Amino acid sequence: MNKKDNFIKDITNGYQSKGGSITLGGAILDGEAIAGAHVKIPLKTLNRHGLIAGATGTGKTKTIQVFSEQLSNAGIPVLMMDIKGDFSGIAKEGKEEGFITDRHTKINLPYTIASFPVELMSLSKQNGVRLRATVSEFGPVLFSRILDLNDTQAGVVAVIFKYCDDNKMPLLDLKDIKKVINYITEEGKEEIAENYGKISTSTTGTILRKIIELEQQGGDLFFGELSFEIDDLMRIDENGKGYVNIIRLTDIQDKPKLFSTFMLSLLAEIYQQMPEKGDADQPELVIFIDEAHLIFNEASKALLEQIETIVKLIRSKGVGVYFVTQNPMDVPSGVLAQLGLKIQHALRAFTANDRQAIKKTADNYPTSDYYKTDELLTSLGIGEALVTALNEKGVPTPLVATMMRAPQSRMDILSDDEIEDINSKSKLVKKYSEEMDRESAYEILNKKIEEANQASAAAEEEQAETKSSKSEPSTASVVGKSVLKVVTSATFIRGVFGVLSKIFKK
């Protein structure tokens with residue numbers, strides 16, 4: 001067999017699947033699309049996580065759109081973190097253009113337009129389903145890691161949570177935990193010292209400043225009720241398509257602390273609530289984290305360790321996590337090692353550092369008899385990518401240059417009216433639109449302080465009245481005491497005895 005025949009055989013065998021699969025596109029050899037050599041990814045391995053990388057303008061956004069469409073068609077819900085606001089068009093049918101028809105003819109794949117069920121979500125006050133979580137749901141360990149606290153400070157946070165648990169004071173939002181911190185350093189200082197040990201005011205001051213920093217990045221909007229329920233991400237529509245849940249994050253690009261806080265809390269909540277799935281035939285949920293470098297660039301060492309741990313464990317729950325970034329080197333090696341699927345679009349080599357990064361990137365992929373990986377990385381066209389995945393046995397598939405299929409949905413964003421129309425029909429928008437502020441630590445402590453102040457004021461008033469009654473005797477008492485004083489005085493007694501002596505002499 002010649003080179004082309006060997007290539008077709010290797011790709012066909014390497015990407016075949018006994019169970020369900022999604023088709024990303026067709027294989028490329030020597031710059032030519034090979035009809036019929038389709039790149040298929042088994043549904044069974046999609047919980048092994050993945051990476052979608054490439055320079056700006058190389059087609060990452062459309063790859064995520066295609067990926068999400070294929071998952072939705074397979075009945076798998078998607079959660080997409082949309083930093084740039086590019087993905088909302090998936091809710092509307094696309095339009096078949098000449099270049100799309102030509103592309104699909106080359107890779108021998110039929111093309112049909114389609115729309116997909118969408119929920120638009122937000123961490124802020126943008127229109128859509130409001131996503132919130134309570135401080136208590138985070139727990140002391142995760143909350144401390146989000147704030148990047150040292151061991152001593154984290155110990156104080158643990159005491160705060162314990163004190164609130166013992167006294168049945170819910171920690172719902174940031175004003176709750178700020179109030180507790182103020183209380184344990186002022187009015188409740190003696191109570192805390194007696195039951196939990198002394199706490200340094202410098203430590204609580206540092207924790208308070210960290211909370212204020214988080215608050216300034218929008219944490220006050222995220223923390224609170226009604227808490228979002230994970231089950232609402234797992235919905236299937238009446239046609240059997242999985243919902244594509246798009247979290248619109250365009251207004252928090254400059255707030256990496258809030259972004260990483262939400263992402264980590266979400267992954268932790270999914271891990272805690274979802275049952276073990278083992279080796280299921282397909283994932284329960286697939287999460288795409290766009291502009292992932294925003295998380296990793298700002299993350300502390302402790303936070304990175306937490307992310308790495310959760311990524312390792314969450315796949316057993318049937319959840320796949322896919323990081324989207326410009327350069328694979330943006331993802332820490334500990335996380336990168338957990339990723340089974342890699343879709344690498346073109347990279348640009350403008351500097352010596354760029355060329356070194358490309359060489360390192362090439363080393364992360366399987367060797368190939370058909371490609372010089374480092375050279376191919378800079379010559380891939382728009383909508384083309386290097387792909388390697390895991391087959392159903394968990395073995396890496398051959399590296400293949402792929403002409404990606406075109407999205408079936410609109411390759412543009414929704415208008416404001418279209419967004420409003422989706423939100424007006426959403427059951428989840430109605431469910432989570434109401435802001436709740438039930439009695440929690442803030443109100444309970446304010447009430448406790450007020451009662452203590454009232455009791456103190458009453459005691460002071462009673463003491464003042466008692467003191468006043470003792471210090472201001474009645475007029476009769478004053479006159480009596482004055483007469484007694486005169487009668488018992490030495491001068492008066494001598495005068496009386498003098499008068500009596502004169503009377504007796506007479």
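See above for the structure.
Residues numbered from 1 in each chain as written. Predicted model: local features only at pLDDT ≥ 70, side-chain atom pairs only at ≥ 80, totals over all residues. Heavy atoms only, no water.

**Q** Where do I start with the sheet that holds strand E6 (residues 129–130) in this structure?
**A** The strands that make up a sheet pair up through hydrogen bonds in the backbone, lying either parallel or antiparallel. The twelve strands lie next to each other as E2-E1-E12-E11-E10-E3-E9-E8-E4-E7-E5-E6, forming an open sheet whose pairing is mixed. Each edge of the open sheet carries a strand with a single partner, namely strand E2 (32–42) and E6. Note: strand E1 (residues 21–29) against strand E12 (residues 400–404), four bridges, orientation antiparallel. Directly across from Ala-27, in E12, lies its bridge partner Thr-402. (Pairing = 2+ DSSP bridges. Helix = DSSP H or I, 4+ residues; strand = E, 2+ residues; numbered from the N terminus.)

**Q** Is there a simple way to think about the environment of Gly-14 in this case?
**A** Checked against the element boundaries, Gly-14 lands in helix H1 (residues 3–14). A relative accessible area of 17% places Gly-14 in the buried class. With 381 residues separating them along the chain, Gly-14 and Val-395 place their C-alpha atoms 9.5 Å apart. Setting aside chain neighbours within four positions, we find Gly-14 in contact with Asn-391, Thr-397 and Pro-398. (Buried < 20%, exposed > 50% of the residue type's maximum accessible area, 1.4 Å probe, protein only. Contact = heavy atoms within 4.5 Å.)

**Q** Just checking my understanding: could you explain unusual backbone geometry for this structure?
**A** Leaving glycine out, the prevailing phi sign among residues is negative, and the prevailing peptide bond configuration is trans. Note that the residue after Glu-225, namely Leu-226, is joined by a cis bond; omega there is 10°. Relative to the helices and strands, Leu-226 is located in the loop between helix H8 (201–222) and strand E7 (244–248). A positive phi is found at Asn-108, a non-glycine position, where the angle reads about 60°. With respect to the helices and strands, the residue Asn-108 is situated in the loop between helix H3 (98–107) and strand E5 (118–122).

**Q** Help me understand the pattern of salt bridges in this model?
**A** In a structure, side chains of opposite charge can pair up when their charged atoms sit close to one another. By the definition in use, this model includes 17 salt bridges. In this structure, Asp-30 and Lys-3 form a salt bridge, with 3.5 Å as the shortest nitrogen-oxygen distance. Here the residue Asp-30 occupies a position in the loop between E1 and E2, and Lys-3 occupies one in helix H1, the gap between them amounting to 27 residues. Looking at Asp-30, the relative accessible area reads 60%, which means it is exposed. Between Asp-102 and Lys-106 there is a salt bridge, with its nearest N and O atoms 3.6 Å apart. Here Asp-102 pairs with Lys-106, and both are found in helix H3, just four residues apart, close to one helical turn. On the accessibility criterion, Asp-102 (42% relative accessible area) is partly exposed. (Salt bridge = Lys/Arg side-chain N within 4 Å of Asp/Glu carboxyl O.)

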